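A structural walkthrough
Next come the chains, spelled out residue by residue.
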Amino acid sequence: MLRFKLILSICILFTFSCTSQNKSKTETKTQVETSYDFSEKALLAHIKELSDDAYEGRETGTKGAKKAKKYIIAEFERLGVKPLGKVFEQAFPLPKNKKIKQGENIIGFIKGSETPNEYIIISAHYDHEGIKKGKIYNGADDDASGISALFAFAEYFQKYPPKHSVILAAFDAEEKGLVGSFYYVENSIVPKTQLKLNINMDMISRSDKKELYAVGPQHYPQYKSIIENTKISGEVSLKIGHKEWTFASDHAGFHKAKIPFVYFGVEDHKDYHKPTDDFENIHPTFYTNAVQTIITFFKEVDGKKL
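Every chain is numbered on its own, with residues counted from 1 as its sequence reads. The predicted origin of the model limits local features to residues at a pLDDT of at least 70 and limits the giving and counting of side-chain atom pairs to 80 or more, whereas totals for whole chains, interfaces and linings rest on all residues. Water and hydrogen atoms were dropped before computing side-chain values, which therefore reflect all heavy atoms in the structure.

**Examining the confidence of the model for the protein**
- The pLDDT averaged across the protein works out to 91; a share of 90% of its residues lies at or above 70.
- For every residue, the predictor states its confidence as a pLDDT score lying anywhere from 0 to 100. For this analysis, residues touch if any pair of their heavy atoms sits within 4.5 Å. Here residues 7-33 is a poorly scored stretch, pLDDT under 50, and it has 58 contacts once near neighbours within four places are set aside; other chains count.

**Concerning unusual backbone geometry**
- Residue D143 follows D142 across a cis peptide bond; omega there is 0°.
- Of note in this structure, R58 is not a glycine but carries a positive phi near 55°.
- The residue R58 is located in the loop between α2 (40-50) and α3 (63-78) in this model.
- Look at R58 and you get buried, because its relative accessible area is 1%. Every helix listed is a DSSP run of H or I at least four residues long, and every strand listed is a run of E at least two residues long, numbered separately from the N terminus. Each residue gets one of three labels from its accessible area relative to the maximum for its type: buried under 20%, exposed over 50%, partly exposed in between, using a 1.4 Å probe on protein chains only.

**As for the environment of F38**
- Position of F38 among the secondary structure elements: in the loop between β1 (26-27) and α2.
- Along the primary structure F38 and A149 are separated by 111 residues, whereas in three dimensions their C-alpha atoms are 9.6 Å apart.
- Discounting residues that sit within four places of it in the chain, F38 has contacts with L43, A152, E155, T288, V291, Q292 and I295.

**Side note on helix α5 (residues 179-186)**
- Counting buried positions along α5 yields six of eight residues, so the element is predominantly enclosed.
- Among all positions in α5, only V179, G180, S181, F182, Y184 and V185 are buried.

**Topic: the nonpolar core**
- The biggest cluster of nonpolar side chains holds 71 residues, and the ones touching the most others in it are I122, L168, L212 and F264.
- The element that contributes the greatest number of residues to this core is helix α4 (residues 140-159), accounting for 11 residues.
- Excluding its chain neighbours within four sequence positions, the residues that come into contact with L168 are F76, V81, I106, I107, G108, I110, I122, L150, F153, A154 and F157.
- Residues enter a nonpolar core if they are buried and are Ala, Val, Leu, Ile, Met, Phe, Trp, Tyr or Cys, with the set joined through side-chain atoms within 4.5 Å. Judged by nonpolar contacts, the second largest core, of 14 residues, contains L84, I107, V190 and F254.

Printed below as a string of structure tokens:
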């Protein structure tokens, strides 16, 4: 995730205010919920796999990224997810100042049962920092956690097909400046008028305070009450806050295109963008409960007119 590394430059570029909000604006009531709409074992197995040294930090354009792409596509196919276009891959160019010339988004699709011409995009990014000075930046929290959550959604949809059509987007080159997600929005196969909401997940697997933040209702207040009334799983504390994260991850391109978003993430931790962001350092119980909470939010949204 780009977070503070790109917030200032992106905010200046799009002339939005980035006033810090270190504390949350709204905190929801916490309820205990122990059942899950997906396999907890599979969720943890996926994040462990994608953050293994074998993927070499998943930097865009590298062998590790290609290995991750194959893994994601295979998992989508196993879970019954279809490609949005003819194939899952959406290739895109990187800026000329980048050594790597091309990235690849992975775009899956599940047709809605009631409103198939309206789409909810659920996204995460599969790239990370790669290898620096001989050290592998595995990016377990950032953002293997979000990609594994995409699989949890796909597993849920096998039993409970969504009412709106769903696009499951594994974006590439987020760490290069949100390149993949901006390209997707600007070159969407689906007309932009039919893209009703982006739910973005980036860094959702660890929090010492057991806090999961939702960004978006500050711009799109129609989602405020839904978040406030979302049934919480376990001891997760779901908070609305951190408006300064508006341009910190892949939801930025959707916001710029005036497509509503809700971004879920945690505050920075000591291993953020360090080679120690490994599977061993995530918080498995918090992570599982955070994913279930996000799915519960989706259920509420999917049942409404967007």
